[in-house]
Amino acid sequence: MREIFNINSNNRIRNQIFRLIFDKKQISKQEIAAQLNLSLPTVSQYLQSLKDDGLIDYSGTFESTGGRKAKIIQCVENAFFALGLDITRNHLSLVLINMRGNICFSNRIKLTFQNNAEYFSAVGVTIDRFIADHQIDCNKVLGVSLTLPAIIASDRKTVTYATVIDTDASFYRKIGPYIKFPFKIYNDANAAAFAEYWVHNEIETMAYISLSNSVGGSFILDGRQYTGYNERAGEFGHMTIIPEGETCYCGKKGCVDAYCCAKVLYDHADGSLSNFFEAVKNKDPECTKVFSEYLNHLSLAINSLRMIFDCDIVMGGYVGPYLLDYMDDIKAIVAPRNTFENNADYIKPCKFTFEASAVGGAMYYLTEFMHHI
Ligand SMILES: [Zn+2]
């Protein structure tokens, strides 16, 4: 697992042993002792406590290289789970991940956001049904992360700005009675970036631009998410690229969002992104022209991000996965804008093709838990 934050565990040695088992997937007691420079009795003591907590188990023996065969120690990947819930204007997505970060179950339903008890109750019922349908032991659920297209204060409870969905600072308090697990709320693009960071092992610092129904983003510096003074760092959607240009949903003119949100594309294909890209593939003149303009505007945003951050840039959101087939085209448009470089190989496609926000949200719970083992 990637080291995202400092280990806060009261027992650093226990945590180190657990991490080593987690990273190696299978390991012997002797190897743990050797790698961490600990005595065998000390390792045995911690292994017993990890086993008592249901976090590790034994599974057969390694091939002997002479002497007694060493027992295989491994993590119990389904010892605990975290649930990610992505709330959008018209849908609710649920993703359950295990301790390894693997997606165990997911579901996406149509549920139009409303800032009222009827909606909050429906969310609660959907969570309960999801947990029951998949026969998950509630005691094994660490918590629920709700990701929203909104700015969330660092307390992970207070919505400070929301336009895409009609909600306000009372969201956490109002939905609370309907959620039976510990829960926190996060910005959707920050969560998606966190998920992408998790799977891009080669990237330490990245700017993530989320191209969904709204455009957002996040900046991760040396493994830490930089959220700014007001939790608004990475709101790339509201950088001005065309002075006095198209009106953005925020009310200002010429924002990236007005040119690079998914709607700009799917409005030309009956509201379907996959239809839009199918049409582009089939060289439909209208969609091809729209896509060309879209990429031109996106190239302005990407080049600005490269100038500011000088790091890898990952394109995600609903549009991100579709751009995978056009990486060479995108690089060819972006590269000439750059003052210092003649290629744009710093642009990376996203690795999550679906539910990155929900997965990233759940991962926040998971990493916090792992640091306290
Ligand atoms: Zn704007």
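Residue positions within a chain follow its written sequence, with the count starting from 1. It should be noted that, the model being predicted, local features are given only for residues of pLDDT at least 70 and side-chain atom pairs only at 80 or more, the latter also being counted only at that level, while totals for whole chains, interfaces and linings use all residues. To get the side-chain values, all heavy atoms of the structure are used, and hydrogens and water are removed first.

What follows covers the domain arrangement of the protein chain. Partitioning the protein chain into structural domains gives domain 1 (12-75), domain 2 (81-192 + 356-372) and domain 3 (202-349). Put simply, the middle of domain 1 and the middle of domain 3, counted by C-alpha atoms, are 45 Å apart. How far each domain reaches was decided by an automatic or database domain assignment.

Attention now goes to the packing of aromatic side chains. Both the distance between ring centres and the angle between the ring planes are used here to describe each pair of aromatic rings. Aromatic rings from Phe, Tyr and Trp, with only the six-membered ring used for Trp, were paired whenever their centres fell within 6.5 Å, and each pair was classed as stacked if the ring planes differed by under 30 degrees, edge-to-face if by over 60, and tilted otherwise. For the structure on display, the rule yields 18 aromatic pairs. Between Phe194 and Tyr364, the ring centres sit 4.4 Å apart and the planes meet at 10°, which makes this aromatic pair stacked. A residue pair is termed long-range when its members are at least 10 positions apart, and Phe194 in helix 6 (residues 188-199) and Tyr364 in helix 13 (residues 356-372) qualify at 170 residues. Considered together, Phe194 and Tyr364 belong to a single accessibility category, that of buried residues. Ring centres of Phe277 and Tyr322 lie 4.8 Å apart, and the angle between their planes is 5°; this geometry places the pair in the stacked category. Placement of the pair is Phe277 in helix 9 (residues 273-281) and Tyr322 in helix 11 (residues 320-323), with a sequence separation of 45 residues. Type-normalised accessible area, obtained with a 1.4 Å probe on protein chains alone, sets the label of each residue: buried when under 20%, exposed when over 50%, and partly exposed for intermediate values. According to the relative accessible area criterion, Phe277 is buried, its value standing at 5%. Comment: elements are numbered from the N terminus, with helices defined as DSSP H or I runs of at least four residues and strands as E runs of at least two.

The next subject is the packing of helix 2 (residues 29-36) against helix 3 (residues 40-52). To define axes, lines are fitted to C-alpha atoms, for helices over the stretch in contact only, and angles between the resulting N-to-C directions are given on a 0 to 180 degree scale. Axis separation between helix 2 and helix 3 bottoms out at 9 Å; the angle between their running directions is 115°. With respect to the hand of their crossing, helix 2 and helix 3 are arranged in right-handed fashion. Taken together, the residues of helix 3 that come into contact with helix 2 (itself represented by Lys29, Gln30, Ile32 and Ala33) are Leu40, Val43, Ser44 and Leu47. Note: crossing handedness is left-handed where the near helix turns anticlockwise from the far helix by less than a right angle, and right-handed where it turns clockwise. Note on contacts: a residue pair is in contact if any heavy atoms of the two residues lie within 4.5 Å.

Our next topic: the sheet that holds strand 3 (residues 81-87). Pairs of strands are assigned from DSSP output, requiring at least two bridges between the strands. Taking strand neighbours across the sheet as the criterion, the five strands line up as 5-4-3-6-9 in an open arrangement whose pairing is mixed. Across the chains shown, the open sheet's two edge strands, defined by having one partner strand only, are strand 5 (103-110) and strand 9 (183-187). Taking each pair of neighbouring strands and ignoring which way they run, the sheet shows an average axis angle of 20°. Examined bridge by bridge, strand 3 and strand 4 (residues 91-98) share seven bridges and lie antiparallel to one another. Considered in strand 4, the bridge of Phe81 is made with Asn98.

Think of a 1 Å grid over just the protein atoms. A cavity is a set of points where a 1.4 Å probe fits yet cannot get out, a pocket is an open set with protein on both sides within 12 Å along at least five of seven lines, and lining residues have an atom within 4 Å of a point. Grid points are joined across faces, edges and corners, and a volume is the space filled by probe spheres set on the points. Scanning the entire structure with this criterion turns up one cavity of 30 Å³ or more. Reported here for the largest cavity is a volume of approximately 30 Å³. Surrounding the largest cavity, Ala150, Ile151, Ile152, Arg156, Asn187, Asn190 and Glu231 form its lining. Residue composition of the lining of the largest cavity, grouped by class: three nonpolar, two polar and two charged. Put simply, Ala, Val, Leu, Ile, Met, Phe, Trp, Tyr, Cys and Pro go in the nonpolar bin, Asp, Glu, Lys and Arg in the charged bin, and everything else, Gly too, in the polar bin.

Another point: the nonpolar core. Nine residue types can take part in a nonpolar core, namely buried Ala, Val, Leu, Ile, Met, Phe, Trp, Tyr and Cys, and a core is a set of them joined through side-chain atoms within 4.5 Å. In terms of nonpolar packing, the biggest core is built from 49 residues, with Phe18, Ile21 and Ile32 touching the most fellow members. Mapped onto this core, the elements with two or more residues apiece are helix 1 (12-24), helix 2, helix 3, strand 2 (71-75), strand 4, helix 6, strand 10 (206-211) and helix 13. A total of nine residues in this core trace back to one element, the largest contributor, which is helix 13. When neighbours within four sequence positions are excluded, Ile32 is seen to be in contact with Ile17, Leu20, Ile21, Ile27, Asn37, Val43, Leu47 and Ile73. The next biggest cluster of nonpolar side chains, apart from the first, holds 45 residues, and it includes Ala269, Val280, Cys287 and Ala344.

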